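Given next are the chains, with one letter for each unit.
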Amino acid sequence: MHLIFQRHHIPPDEVYNKDEKVKRFMYASMMLQLEEEEKVRKEQERAARRMRS
């Protein structure tokens, strides 16, 4: 949840006051973004290792 506040500049009270379905969507959306970023990070690490070999 910290990332929602930090990246999107949405204050905690604004998130907490949203409808439960909206909050679930926000959390799921953030999780998808984080998973994609992790995938890209791992691909970059693999490419860097291949370049060193």
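Structural data are supplied above this passage.
Summarised in this report is the structure supplied together with it. All values reported here derive from a predicted model rather than from experimental measurement.

Core analysis: the biggest nonpolar cluster contains six residues, these being Ile 4, Phe 5, Ile 10, Val 15, Met 26 and Met 30. Setting aside residues up to four positions removed in sequence, Met 30 forms contacts with Leu 3, Ile 4, Arg 7 and His 8.

Moving on: the environment of Lys 21. Position of Lys 21 among the secondary structure elements: in helix H3 (residues 20-52). With 30 residues separating them in the primary sequence, Lys 21 and Met 51 have C-alpha atoms 45 Å apart.

All right, on to the pattern of salt bridges then. Tallied over the entire structure, the rule returns six salt bridges. Here Arg 41 makes a salt bridge to Glu 38, at a shortest N to O gap of 2.4 Å. Remark: Glu 38 and Arg 41 occur in helix H3; sequence separation between them is three residues, near one turn of the helix. One salt bridge connects Glu 45 with Arg 49, and the closest N-O pair in it is separated by 4.0 Å. Within this pair, Glu 45 and its partner Arg 49 are both found in helix H3, separated by four residues, close to a single helical turn. In this structure Glu 45 comes out as partly exposed when scored by relative accessible area, which is 35%.

Reading the values: rules and limits
Sequence order as written defines residue numbering, which begins from 1 separately in each chain. Given that the model is predicted, a residue must reach a pLDDT of at least 70 before its local features are reported, and side-chain atom pairs must reach 80 or more before they are shown or counted; all residues, however, enter totals for whole chains, interfaces and linings. Side-chain measures were taken over the full set of non-hydrogen atoms in the model, leaving aside hydrogen atoms and water. Take the buried residues of types Ala, Val, Leu, Ile, Met, Phe, Trp, Tyr and Cys, join any two whose side-chain atoms come within 4.5 Å, and each joined set is a nonpolar core. Note on exposure labels: buried denotes an accessible area under 20% of the residue type's maximum, exposed denotes more than 50%, and partly exposed covers the range between, all computed with a 1.4 Å probe on protein chains only. Contacts: residue pairs with any heavy atoms within 4.5 Å of one another. Secondary structure elements are defined from DSSP: runs of H or I of at least 4 residues count as helices, runs of E of at least 2 residues count as strands, and each element is numbered from the N terminus. The salt bridge definition used is simple: a Lys or Arg side-chain nitrogen within 4 Å of an Asp or Glu carboxyl oxygen.

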